[in-house]
Each structure stands twice: as structure tokens, then as C-alpha cells.
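# Breakdown of the fold
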Amino acid sequence: MVAADEQTRLRVESLRDQIAEHRHRYYTLSAPEVTDAEFDALVRELRELEAAHPELDTPDSPTHTVGAPPSAAFAPVVHRQPMLSLDNAFADDDLRRWAERNARILEGAAPCYTCELKVDGVAISLSYRDGRLERAVTRGDGRVGEDVTANVRTIAGIPDRLRLADPPALLEARGEIYYPVAAFEAMNEARERAGEARFANPRNAASGALRQKDPRITASRPLAVVCHGMGAVEGLAVARHGEFLALLGQAGLPVAEQTRTFGDLDEVSAYVAYWGERRHDADYEIDGVVVKIDELAQQRVLGATSHGPRWAIAFKYPPEEQQTVLTDIFVNVGRTGKVTPFASFEPVRVSGSTLQLATLHNEDQARLKDVRPGDTIIVRKAGDVIPEVVGPVLSLRPPQVEAAGPWRMPTTCPFCGSPIERLPGESASFCSNVDCPNRLLESLAHFAGRGAMDIEGLGYETARILRDRGLVSNLADVYRLTADDLLPLEGFARKKVDLLLAGIEASKQQPLERLLIALNIRMIGGTVARVIARHFGTMAALQAAPAEQIAAIAGVGPIRAQALRRFLDNPSTGSLLADLAARGVRMDTETVTVGDALAGHTVVVTGNLAGFTRDEAKQAITDRGGKSTSTVSAKTSVLVVGSDPGAQKVAKAAELGVPTVDEAGFAQLLETGIVPG
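Since this is a predicted model, take the numbers as computed values, not measurements. Along each chain, the written sequence defines residue order, and numbers are assigned to residues from 1. pLDDT decides what is reported in this predicted model: residues at 70 or higher carry local features, side-chain atom pairs at 80 or more are listed and counted, and totals for whole chains, interfaces and linings draw on all residues regardless. Side-chain numbers here rest on the full set of heavy atoms in the structure, without hydrogens or water.

## Some points on the environment of Glu 421
- Segments assigned H or I by DSSP are reported as helices when at least four residues long, segments assigned E as strands when at least two residues long, and all are numbered from the N terminus. Considering the arrangement of structural elements, one finds Glu 421 in strand 17 (residues 420-422).
- To sort residues, take the accessible area from a 1.4 Å probe on protein chains only and compare it with the maximum for the residue type: under 20% means buried, over 50% means exposed, and anything in between is partly exposed. Of the residues examined, Glu 421 reaches a relative accessible area of 40% and is grouped as partly exposed.
- Residue contacts are defined here by distance: any two heavy atoms, one from each residue, within 4.5 Å place the two residues in contact. Setting aside residues no more than four positions away along its own chain, Glu 421 makes contact with Ala 428, Ser 429, Phe 430 and Ser 432.

## Details of the packing of aromatic side chains
- Only centres within 6.5 Å qualify two rings of Phe, Tyr or Trp (six-membered ring in Trp) as a pair; their planes then separate them into stacked at under 30 degrees, edge-to-face at over 60, and tilted for everything else. Per the counting criterion, the structure on display carries eight aromatic pairs.
- Judged by centre distance (5.0 Å) and plane angle (75 degrees), the ring pair of Tyr 178 and Tyr 284 falls under edge-to-face. One end of the pair, Tyr 178, is in strand 7 (residues 170-178); the other, Tyr 284, is in the loop between helix 9 (265-277) and strand 10 (286-293), with 106 residues separating them in the sequence.
- According to the relative accessible area criterion, Tyr 178 is buried, its value standing at 8%.
- Tyr 284 gets classed as buried once you look at its relative accessible area, which sits at 6%.
- A ring pair is formed by Phe 330 and Phe 342, whose centres lie 5.8 Å apart and whose planes are at 15 degrees; its orientation type is stacked. Here Phe 330 is found in strand 12 (residues 321-333), whereas its partner Phe 342 is found in strand 13 (residues 338-350), with twelve residues between them in sequence.
- Of the residues examined, Phe 342 reaches a relative accessible area of 22% and is grouped as partly exposed.
- A cation over an aromatic ring shows up here: Arg 278 above the ring of Tyr 274, its NZ or CZ 3.8 Å from the ring centre.
- Here the guanidinium or amino end of Lys 496 rests over the ring plane of Phe 492, the centre of that ring lying 4.3 Å away. For a ring to carry a charge above it, either NZ of a lysine or CZ of an arginine must fall within 6 Å of the ring centroid while also lying within 35 degrees of the normal to the ring plane.

## Describing the environment of Ala 617
- Considering the arrangement of structural elements, one finds Ala 617 in helix 23 (residues 614-623).
- Considered as a pair, Ala 617 and Val 603 are 14 residues apart in the sequence and their alpha carbons are 9.9 Å apart.
- For Ala 617, the residues in contact, after removing those within four places along its chain, are Val 605, Leu 609, Phe 612 and Phe 666.

## Points about the packing of helix 13 (residues 437-447) against helix 14 (residues 460-468)
- Two elements in contact, helix 13 and helix 14, have axes separated by 8 Å at closest approach and are oriented at 145 degrees. For the crossing formed where helix 13 meets helix 14, the hand is right-handed. Between helix 13 and helix 14, the residues in contact are Pro 437, Asn 438, Leu 440, Leu 441, Glu 442, Leu 444 and Ala 445 and Tyr 460, Ala 463, Arg 464 and Arg 467, respectively. Angles here are taken between N-to-C directions and fall from 0 to 180 degrees, while the axes themselves are lines fitted to C-alpha atoms, restricted in helices to the stretch in contact. Left-handed describes a crossing in which the near helix is turned anticlockwise from the far one by less than a right angle; the clockwise case is right-handed.

## A few points about the state of the cysteines
- Defined by distance alone, a disulfide is two cysteine sulfur atoms within 2.5 Å. Following the criterion strictly, the structure yields zero disulfides and no others.
- Residue Cys 227 stays outside any disulfide, its sulfur separated by 19 Å from that of Cys 115, the closest cysteine.
- With no disulfide partner, Cys 413 has as its closest neighbouring cysteine sulfur the one in Cys 416, 3.7 Å distant.

## Description of the pairing of strand 5 (residues 132-138)
- Note: strand 4 (residues 122-129) against strand 5, six bridges, orientation antiparallel. Pairing of Tyr 128 across the sheet is with Leu 133, part of strand 5.
- What makes two strands pair is DSSP finding at least two bridges between them. Between strand 4 and strand 5, which follow one another and run antiparallel, lie two residues, and Asp 130 among them has a positive phi close to 55 degrees.

Right, here's the structure in full:
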């Protein structure tokens, strides 16, 4: 293979610059200079040159925005600066009280206000090191997010390299990833024509697209981004928020054209009112307006609370309500067997989306609302996101609907005919059949998911194909699959089949706690599953344990114990567990008997510990009977402080008088159980 000469190197750099420029003009400026065919030819030429000269192929090349190898998981990343939430205003008086409080802190200095449309998307932090995209991280819990860089590189509006002659050493731009309204509707229409389910709303669909294991799936979705905030920076001096946004625009990052800066609060109120009347005019879903103090020095004076910055507030618009006709109420069965009623109504446009379905949650809620097929109902989006039936318009109820009486929960499952049971003292109802076919799809996808059996290649779509082709009728059938079963399926090439079968085989060695999580047992999440598995050691011991013994385990209690016992006592469960064991699935775990030294104590860990991962630290606490939480409160017994701790947690502990220990003190705490006084 011949090394690239200087002319080839220059051509590669030229192609990358041209592609970046054309993407900027197409996605940001909406003023393309070349046809799609001409653009594709440039990308194709660059790919051919990189293939011929691998030494020129770099990770930030635009050819890697599609087709990157799939990522099995997203690594956690600690934000350099927290991505905090915002306080909300729902009326003009709330906005003015916020401004008056800030004026007192600023001692009368008159601020300017920057107003931005509040995009209903997925928060993202884009870090550029010396002008090149280094990392893209989701908000997560505000302190730690997910590394989704590979997926974000596939979003055409996000440049791999800033269009600045002298970029700062570090620039973090915060923004929202979203679906443009028109692109989202077109995508849903295409899915419907293909016989696929429509996505419920743009925000959730965007979140799902961003967290795909395979970046090629993300690349196939018409995602976009708008930047609106500043994170950590190095080598950059700006005095105002508006100045920073202007810099982002110059750098090739999309910023909202509707953003405005005003000198007084009356103008801010007028802007809020204006967009309240035109909230569907923007290219993306909005649920309010974010108002920020423009001058960065004033922002620093105002500071932040544990919840969010004092210098910004989100003015939330009220949810829109529309009337439509309820055509039917049906029930669905989820992965735990929970039976949920849904309202099906004539299509109606609410808050920018066309709605046809809304959950009624449970039998009690359905009766409380007293909506009946044939009713005219009021529909809205709770928080402008979740479809919700407010109630019926009783004055428009037809006589025959009144005569029919209230809707009632069916007594048998519409999917398998098994009895629907409502547990004593609960509002939820359940299908009694663990092998219910409608339950199977959801439960199988969960069974194979991360944190459960972690079967690589067995996602929701694969689960649906296996169920629809009759290859899987219960969870144990996964371990009967062979290459002969899978190879005839469309899209199942030899490599995919081999990877799936290898993932299935590897999952047999998952410990008991992962199996308990995978089995979709109601009220048994990860932490409780680990505690139970470590206590009993084997599935056989757990199956033999009475509810009282299970309930006595710290962190379990009688309600969870009864739910677990009901699951284990179901004859179908016994057959399933025996089948799984016969197929070689592990039914035990390492037992840990370290006593109850921390019983009654709540421990919070912040920062990094040299001798423990975060999960190991939590497990060490729960193994000793303690409770591990992530929030410092008056109930916290002790705060363990590692390196690079959360400043707000440390400050909160000091405010509440909660004792703190370092890692050495944590080791002593685990050994003795003695909490510092």
C-alpha cells in the first residue's frame, strides 16, 4: 500500500472542509450550494481516499458520522460543570418575583434579559477541545451523564470541528437535541405506511434515538440540535450570554433565531405572551420560554441553589386542551402482567402533536374520570408531553351512553383468556398468566436488556420477530434457539446470528440477582434483587422461604415480599424456573455474610473512591444492612467524600450537620459500623 503524497493529503483536508461547509449551509443556514448528488460524490471520494490511505483516516472524519461500530453501553461522564434544572414560573407574577429577588442580590444593578424558546428535547453537552468535538454527554442526573459521542457525531447539524480560526482550548456548548416538527411527522407517516408503530411524541422519540447502541440507527433519524448555554470554557473571554450565543453561531453550531435580549421586564412579558399565542410556529416543540440574566458577571453574583441557577427561570405555558370523541376503552398487558386501560379517541391535535390514545392508568382512575365510549372528552398533554384525558363533557353525553353505565375492567385477559386479578388493597390489576403473549414481548425485551441478562443483539425488534414467528413463547425458549431457527429470518445474516447465540450462551452465567431483575417481578428492582440474592444465595433457597423471612431482609419489607411470594407461588413460575435451570441458566450467586453493622443507617457517597466503584460502594453498604441513597437529607447518617466530590452535597451535609468521612473512614465504617458523632 502506497503512502499518501502531499497532494493526496491536501485533497483529503479539502474534502473534509468542503463537506463541513456544505453541511453547515444545508442544516444551519438552509442555503445549500450543491445538489445532494454532488454532496454525496464528495463524501464518496473521501471514503475512497481514506480506504486507500488508512493513515489519513482519523476519528473526527465526516465519513464516521454514519456506520460507526455499535456501542454496547454508554460510559458515565462527570460533567465539568453541573447541568442544573431551572425554577419555573407559571404566571407573570412569578416572573416579577424572580426579578425582584435578583434585583435585591444585585443591589439595584439593572440587568438585561435574554429570552429563549424552551425546546422540548433532550439536553446535551457538547465539548470541543481545540476546536474539535471531544465528547457529547447527556444531562443524566445533572452531575453525571452518558457518553453518547458516537451517536451525536451522526447528527448532521453538529460539526466535528468549529468554524473558528482561533478556537478556545475548551468550549462546552449546552443545548437540546430534538426532532423538527415536520421531519417527525414525516417519519411517523413513513413508519405507519411500513406497518410500524408511530412514535408517541418527539421528545421521547429523540431520547430513544440518541441512546441507540448502533449509531447507524441514530443516523437514520432526522435529529437536530439547538444550542443555548455555556458550560466549562478555557481560553475564552465573553462578557454576556448573548455574546456567547453569537460566537456559537459563528462556530457553526445551530442557535435559535427567535432568541431576543431586552432591557426591562415588560418587554420580557410581551415576548412570553407573544410566543404563548404562537407556540406551534417554531420548527420544534416548545413548552415555554427561558429567561436569563444576560451579563455573565451578574450571573456569577447571583450563583445557584442546589436545584438550579438563580439567574435563569423557565416560564412554562399551560397545557393545551381540546375536545374529541372517545371511541373505545381497551386494556393492555405490560411486562409485569399489569393490566392498564387506555382511552382510544378520534384524532385530535394537542400541543403540536396528533393524539389518538391516552392511558387511564388503572380501574380506579377510569371510574373516577367516568369516561365512557361515545363521550365527548377533554384531552390535554400533562406537562405538554404526556397525553391525558381530563374528563367527559357531561352536557354532551348521549342518552345511550348514560344508559350503558360506567366502564368496567374486563374479568379475563383479552390476549390469553386468563383471569385478570386485582390484588387486595391495590388499584392495579394483573393478568395471572406469566406466558401471556402480549406480556411476552415487553418481558422478553426487558429480560435481555442491560442490567438484566444483558443479551447483546436481543432488542425489542428482535424480540418482536422471535415472538411473531413463534420461535419464542416463553422466556426459556430463548435458550432453545439455534442457528437453523434464526438464519431463515429476514435480516439475520450469519454474523448477526452468531453474535446473538453467543450473547444468549454468555447470559447463562449471569448471577442470581440479574436473573431476578430479568424475570419482571413486580416491585423487585436492581437494589432489592441484589439484597435478596446475596441473602439466600440460591433460587431454591428463595423459593422455599416464607414471605415473613423475605420481608425481614433490610430494604425489602412486607409489600415487596408479598409481591415476590405471589410470583414464586404461581405454578407457571415454577415451570419457567425449572425450564431455565434445565437449559443451563445459573441459579445461584456469591453469598455475602458480613452482618448488619450499618442497619438503620443511611449512607451517601460522593466523588470517586480508589478502592470501590460506585456500585461496589453501594453494595458494601447494603450488604451490612445499611441504605445507600444519592441525596443528602436530614435522614442521612454519614456522607462519604471521595476525590472530586459534588460540592453541593458537601455543602448540604455541612448545612444539616451530617458527619463526613474520607475513604479511609469509609473502610472503618464498613468494618465497625460506628458512625462519627
